[in-house]
There are 2 protein chains.
Amino acid sequence: MAKLYVIGLGPGGVEYLTIRAKKAIEESDIIVGYTKYIHMVRPLLEGKEIFSTGMRGEEDRCRKAIELSKDKIVSVISTGDSGIYGMAGLILQLKNDNDVEIIPGVTASSSAASVLGAPLMHDNCNISLSDLMTPYELIKKRVELAAKGDFVISLYNPKSNGRPHYLRECMNIIRKYRTSNTPVGVVKNALRDGQKISIFTIENFDDSIVDMLSIVIVGNSQSYIKNGRIITPRGYKIENLGTVN
Amino acid sequence: MAKLYVIGLGPGGVEYLTIRAKKAIEESDIIVGYTKYIHMVRPLLEGKEIFSTGMRGEEDRCRKAIELSKDKIVSVISTGDSGIYGMAGLILQLKNDNDVEIIPGVTASSSAASVLGAPLMHDNCNISLSDLMTPYELIKKRVELAAKGDFVISLYNPKSNGRPHYLRECMNIIRKYRTSNTPVGVVKNALRDGQKISIFTIENFDDSIVDMLSIVIVGNSQSYIKNGRIITPRGYKIENLGTVN
């Protein structure tokens, strides 16, 4: 049998896989993915053929997976949701047909939010600070418009050695539109080994603990901290609307 | 034993539950949720006590769940991600302590995206068109800022009998910032019984098929339709940037 799956693992580890994703991995002959992701689902890979490469090998992995899926059952795996900054797009761009099943997963902002409390309860956006394929000017523009619109903002790929100052610069943009007590949550390795949770206000935010494996979530004008968790109410009380401009 | 879980079911049905969510439901004595959600996981509820109410009973359900969880294992369930327009916020707002486990799920925009192709591959935002607790002026402002920022836009609760024209009005706002061939995907009942997929360009978009059970996803300036699926590339080619203003 031949088949191609593109699977979002969620935060990583077997427990937060969907049942559909677990079944697809189990029925696969070959698993294709970044080495680090392969380790996360190691318990399911007994006796399977593995094709893994380093972080920058994404296009190679996708071409290889499409090739292999002509006569085998192949799963391309990545963390989070395969459709949000994942492998689904590249596979569809490179493949000539639609003979592929995309299996969604829990995206990183949802995983991070679940351990921070409930910061994403209202309109929200996901912005990646990686400038590998997006000009930094456009990234900053998006951060500013999201802040202006009082969106809850989830920052993916918030920091790397190549761009240590982007996060601080983007926070300074957001700060123009938020009060100083706006909650900011940082989660490293959400819902997997090495999980680390930090909650700040935008005023005392310290980006030194943030790395590439972290997600940063900035609340909206209604968000608050209670018992060490961030809560964003589902809506707006009219008397609060003054804070939205 | 006493415990409170707030669980996101994902699109609905048992197959797209996370393994963690399934275990939590199985170990629960009492399941609390909107009647329609209860039916979706019916196979897991054998012999369990059920507390369900209609759509508007959310606060009652949460209070009841918190009360019941003092001496039983209780799961509050809702579709999608419990942390995005879900029950997590209300539970934390009403509860005096943090003795609750929030289990994230696949949010509706991820489920819809997985059957549309890969529309969410780049920066994206979720906006609810429900004005029950958010002024319509703020909703329209967000739609405009998201369009201006070239975000991929997922519209939740896109239409109801009480506000039949909001979707068309918001699409007209987005149209000011997108070319006429911008892909628009509509998915009703994504990844569950009654799934219906429609793909348009923003120019020929027809909102008559959209209802409260639908998610509408509007691509960014780089999105395109290939083999009947929507693809958003992961980044920007410099020569394309002229389309982003």
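Residues numbered from 1 in each chain as written. Chains lettered and ligands numbered in written order. Predicted model: local features only at pLDDT ≥ 70, side-chain atom pairs only at ≥ 80, totals over all residues. Heavy atoms only, no water.

**Considering the packing of helix H6 (residues 136–148) of chain A against helix H7 (residues 166–175) of chain A**
All names here are of chain A.
Phase 1: Two elements in contact, H6 and H7, have axes separated by 9 Å at closest approach and are oriented at 35 degrees. H7 is crossed by H6, and the crossing has right-handed handedness. Only Tyr 166, Glu 169, Cys 170, Ile 173 and Ile 174 of H7 make contact with H6, whose side of the interface consists of Tyr 136, Lys 140, Val 143, Glu 144 and Ala 147.
Phase 2: The class makeup of the residues in the contact of H6 with H7 is 7 nonpolar, no polar and 3 charged. (Axes fitted to C-alpha atoms, helices over the stretch in contact; angles between N-to-C directions. Helix = DSSP H or I, 4+ residues; strand = E, 2+ residues; numbered from the N terminus. Left-handed = near helix turned anticlockwise from the far one by under 90°. Contact = heavy atoms within 4.5 Å. Nonpolar A, V, L, I, M, F, W, Y, C, P; charged D, E, K, R; others polar.)

**Looking at the pattern of salt bridges**
Phase 1: On inspection of all chains with the given rule, the structure shows 30 salt bridges over all chains.
Phase 2: Note that A:Glu144 and A:Lys176 form a salt bridge whose closest N and O atoms lie 3.0 Å from each other. Remark: A:Lys176 occurs in the loop between H7 and strand E9 (183–188) and A:Glu144 occurs in helix H6; sequence separation between them is 32 residues.
Phase 3: Overall, A:Glu144 belongs to the partly exposed group, its relative accessible area being 24%.
Phase 4: Measuring nitrogen to oxygen at the nearest pair gives 3.7 Å for the salt bridge that ties B:Arg142 to A:Asp150. (Salt bridge = Lys/Arg side-chain N within 4 Å of Asp/Glu carboxyl O. Buried < 20%, exposed > 50% of the residue type's maximum accessible area, 1.4 Å probe, protein only.)

**A closer look at the sheet that holds strand E1 (residues 3–8) of chain A**
Residues and elements named next belong to chain A.
Phase 1: The sheet built from 5 strands is open, its strands ordered E3-E2-E4-E1-E5 with parallel pairing. Strands with a single pairing partner mark the edges of an open sheet, and in this sheet they are strand E3 (49–53) and strand E5 (101–103). Across the sheet, the mean angle separating the axes of adjacent strands is 20 degrees when strand polarity is ignored.
Phase 2: Those strands touched by helix H1 (residues 19–27) are E1, strand E2 (30–34), strand E4 (73–78) and E5, and its axis lies near 140 degrees from that of E1.
Phase 3: Each of E1, E2, E3 and E4 touches helix H3 (residues 58–68); the most contacted strand, E2, lies at about 170 degrees to it. (Pairing = 2+ DSSP bridges.)

**Thoughts on the domain arrangement of chain A**
Residues and elements named next belong to chain A.
Phase 1: The domain boundaries assigned to chain A delineate domain 1 (3–106) and domain 2 (109–231).
Phase 2: In this structure, domain 1 and domain 2 have C-alpha centres spaced 28 Å apart.
Phase 3: Each side of the interface is counted separately: domain 1 has 10 residues, and domain 2 has 11 residues.
Phase 4: Carbon and sulfur atoms supply 61% of the area that domain 1 and domain 2 bury against each other, a total of about 790 Å² over both sides.
Phase 5: Summed over the shared surface of domain 1 and domain 2, the result is 0 salt bridges.
Phase 6: Along the contact surface separating domain 1 from domain 2 lie 3 residue pairs in polar contact (both at pLDDT 80 or more). (Domains from an automatic or database assignment. Buried area = accessible area lost by both parts, 1.4 Å probe. Polar contact = N/O pair within 3.5 Å; in protein donor to acceptor, adjacent residues only side chain to side chain.)

**Looking at the pairing of strand E4 (residues 73–78) of chain B**
All names here are of chain B.
Phase 1: Extensive coverage of E4 is indicated by the burial of 6 of its 6 residues.
Phase 2: Side chains of E4 alternate between two faces, with Ile 73, Ser 75 and Ile 77 and Val 74, Val 76 and Ser 78 buried alike.
Phase 3: Here strand E1 (residues 3–8) runs beside E4; their pairing, made up of 6 bridges, is parallel. Bridge pairing in E4 links Leu 4 to Val 74.
Phase 4: Bridge count for strand E2 (residues 30–34) against E4 is 4 bridges, and the pairing is parallel. What sits directly across from Ile 31, in E4, is Ser 75.

**A closer look at the sheet that holds strand E8 (residues 152–156) of chain A**
Phase 1: Strand order across the open sheet formed by 10 strands is E10(A)-E9(A)-E11(A)-E8(A)-E7(A)-E7(B)-E8(B)-E11(B)-E9(B)-E10(B), with mixed pairing between neighbours. Strand pairing shows two members of the sheet lacking a second neighbour, strand E10 (196–201) of chain A together with strand E10 (196–201) of chain B, which therefore form its edges. Taking each pair of neighbouring strands and ignoring which way they run, the sheet shows an average axis angle of 15 degrees.
Phase 2: Note that E9(A) and strand E11 (residues 214–218) of chain A share 5 bridges and pair antiparallel. Looking at E11(A), one finds that A:Gly185 is bridged to A:Ile217.
Phase 3: Relative to E11(A), H7(A) is tilted by about 10 degrees, and along the sheet it contacts E8, E9 and E11 of chain A.

**Concerning the interface of chain B and chain A**
Phase 1: Tallying the contact residues gives 74 residues for chain B and 75 residues for chain A.
Phase 2: The tally of links between chain B and chain A comes to 8 salt bridges.
Phase 3: Between A:Arg142 and B:Asp123 there is a salt bridge; the shortest N-O distance is 2.7 Å.
Phase 4: Where chain B meets chain A, there are 44 residue pairs in polar contact (both at pLDDT 80 or more).
Phase 5: Across the side of chain B that touches chain A, the residue classes break down as 34 nonpolar, 23 polar and 17 charged.

**Considerations on the packing of aromatic side chains**
Phase 1: In total, this model carries 8 aromatic pairs over all chains according to the counting rule given.
Phase 2: On the basis of an interplanar angle of 10 degrees and a centroid distance of 3.6 Å, the ring pair of B:Tyr136 and B:Tyr166 is categorised as stacked. A residue pair is termed long-range when its members are at least 10 positions apart, and B:Tyr136 in helix H6 (residues 136–148) and B:Tyr166 in helix H7 (residues 166–175) qualify at 30 residues. Accessibility assignment for this pair places B:Tyr136 and B:Tyr166 in one class, buried.
Phase 3: The cationic tip of A:Arg142 hangs over the ring face of B:Phe151; the distance from NZ or CZ to the ring centre is 5.5 Å. (Phe/Tyr/Trp six-rings, centres within 6.5 Å; stacked < 30°, edge-to-face > 60°. Lys NZ or Arg CZ within 6 Å of the ring centre and 35° of its normal.)

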